[in-house]
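# Topology and contacts: notes
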Amino acid sequence: ALEDVFLETAIEAGQRTVILCDRGVMDGMAYTSNQIWQALLDETAWSTIQLRDRRYESVVHLVTAADGKPKFYTSENNEARYETIEEAIALDKKLINAWVGHPHFTIIDNKEKSFSAKIERCVDTVCKTIGLPTP
């Protein structure tokens, strides 16, 4: 519902707008069973295709630091973290699987030398998506 409010506000503003969401509806699929997910779809009369492929123009997934840069996966810099490294990797794979099939799905892995470089790759991806030159 909050995403819909942002979208309506952007449309009413009457100017070109980019809305970035930290999480998308399909992420919910990774946090629940297939039966509960299907019940939610049935209750809302939505389909996976509608939510995954049509709700967002582009999806950028930043792979958890636990997968590839485990020394940076700590609760010291993120109090919301409660998964072990193994649990975080497993959840990350579920999140990726929830979005597989989206026509503009990009995965930003941890092969960069720094977090700043990872964020630069993300910014480049978003810029390309919206038609802006990359920095």
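You'll find the structure just up there.
Heads up: these notes are all about the structure in this document.

Rules used throughout
- The written sequence of each chain sets the order in which its residues are numbered from 1.
- Under the rules for a predicted model, residues below a pLDDT of 70 receive no local features and side-chain atom pairs below 80 are neither given nor counted, while totals for whole chains, interfaces and linings still include all residues.
- As a rule here, side-chain values come from all non-hydrogen atoms in the structure, and water together with hydrogens is ignored.
- Strands are runs of DSSP state E lasting at least 2 residues, helices are runs of H or I lasting at least 4, and numbering of each runs from the N terminus.
- Note on exposure labels: buried denotes an accessible area under 20% of the residue type's maximum, exposed denotes more than 50%, and partly exposed covers the range between, all computed with a 1.4 Å probe on protein chains only.
- Here, residues are in contact when the closest pair of their heavy atoms is within 4.5 Å.
- Per-residue accessibility takes into account occlusion by the displayed protein chains alone, with areas from the Shrake-Rupley method and a 1.4 Å probe.
- Two cysteine sulfur atoms make up a disulfide if the distance between them is within 2.5 Å.
- Think of it this way: DSSP has to see at least two bridges between two strands before they count as a pair.
- Convention used here: a crossover is right-handed provided that the path from the first strand, over the helix, to the second strand proceeds clockwise when the strands point away from the viewer.
- For salt bridges, the criterion is a side-chain nitrogen of Lys or Arg within 4 Å of an Asp or Glu carboxyl oxygen.
- Put simply, a nonpolar core is a bunch of buried Ala, Val, Leu, Ile, Met, Phe, Trp, Tyr and Cys residues held in one set by side-chain atoms that sit within 4.5 Å of each other.
- Residues counted as positive are Lys and Arg, residues counted as negative are Asp and Glu, and His and the chain ends are not counted.
- In the analysis that follows, any N or O atom pair within 3.5 Å is treated as a polar contact, provided that within protein one partner can donate a hydrogen and the other can accept it, and provided that, for residues neighboring in sequence, both atoms belong to side chains.

## Description of the overall build of the protein
For the protein, the count of helices and strands is five helices and two strands. In terms of its C-alpha atoms, the protein occupies a principal-axis envelope of roughly 45 × 45 × 25 Å. Here the protein holds 135 residues, and 25% of them are scored as buried. Long-range contacts, defined here as pairs at least 24 residues apart, represent 58% of the contacts in the protein between residues at least 6 apart. Entry remark: accessible area of the protein is about 9600 Å², with carbon and sulfur atoms responsible for 55%.

## Description of the state of the cysteines
The final tally for this structure, using the stated rule, is zero disulfides. Here Cys122 is not cross-linked by a disulfide; its sulfur's nearest cysteine counterpart is in Cys127, at 9.6 Å. Taking relative accessible area as the criterion, Cys122 reaches 17% and is therefore assigned buried. Among the residues examined, Cys127 registers a relative accessible area of 12% and is labelled buried.

## Describing the pairing of strand E2 (residues 105-108)
Note that strand E1 (residues 59-62) and E2 share four bridges and pair parallel. By the bridge assignment for E2, Leu62 is matched with Ile108. In this region the chain leaves E1, passes through helix H4 (residues 85-99) and returns to the parallel neighbour E2; the handedness of that crossover is right-handed.

## Let's talk about the side chain of Arg52
The topology assignment puts Arg52 in helix H3 (residues 48-54). On the basis of relative accessibility, which here comes to 14%, the residue Arg52 falls in the buried class. Residues in contact with Arg52, not counting those within four places in the same chain, are Met26, Ala98, Trp99, Val100, Gly101 and His102.

## Topic: the pattern of salt bridges
This model, assessed by the stated rule, comprises eight salt bridges. Arg55 serves as the salt-bridge partner of Asp4, at 3.1 Å between the closest nitrogen and oxygen. Of the two residues, Asp4 is situated in helix H1 (residues 2-13) and Arg55 in the loop between H3 and E1; the sequence distance between them amounts to 51 residues. Among the salt bridges present, the one from Asp53 reaches Arg52, with a minimum N-O distance of 2.4 Å. Through salt bridges with shared partners, a single ionic network connects Asp109, Lys111, Glu112 and Arg121.

## A word on the nonpolar core
Counting eight residues, the largest nonpolar core consists of Met26, Trp37, Leu41, Leu51, Tyr56, Val59, Ala98 and Trp99. Apart from residues no more than four positions distant in its own chain, Tyr56 is found in contact with Glu3, Gly24, Val25, Leu51, Trp99 and His102.

## Looking at the side chain of Asp92
Within the element layout of this structure, Asp92 appears in helix H4. One buried charge, Asp92, has no salt-bridge partner; the nearest side chain with opposite charge is Lys93, at 6.2 Å. At 3.4 Å, the side chain of Asp92 and the backbone nitrogen of Thr64 are in polar contact.

## Section: unusual backbone geometry
Although it is not a glycine, Arg23 sits at a positive phi angle of roughly 115°. Taking relative accessible area as the criterion, Arg23 reaches 45% and is therefore assigned partly exposed.

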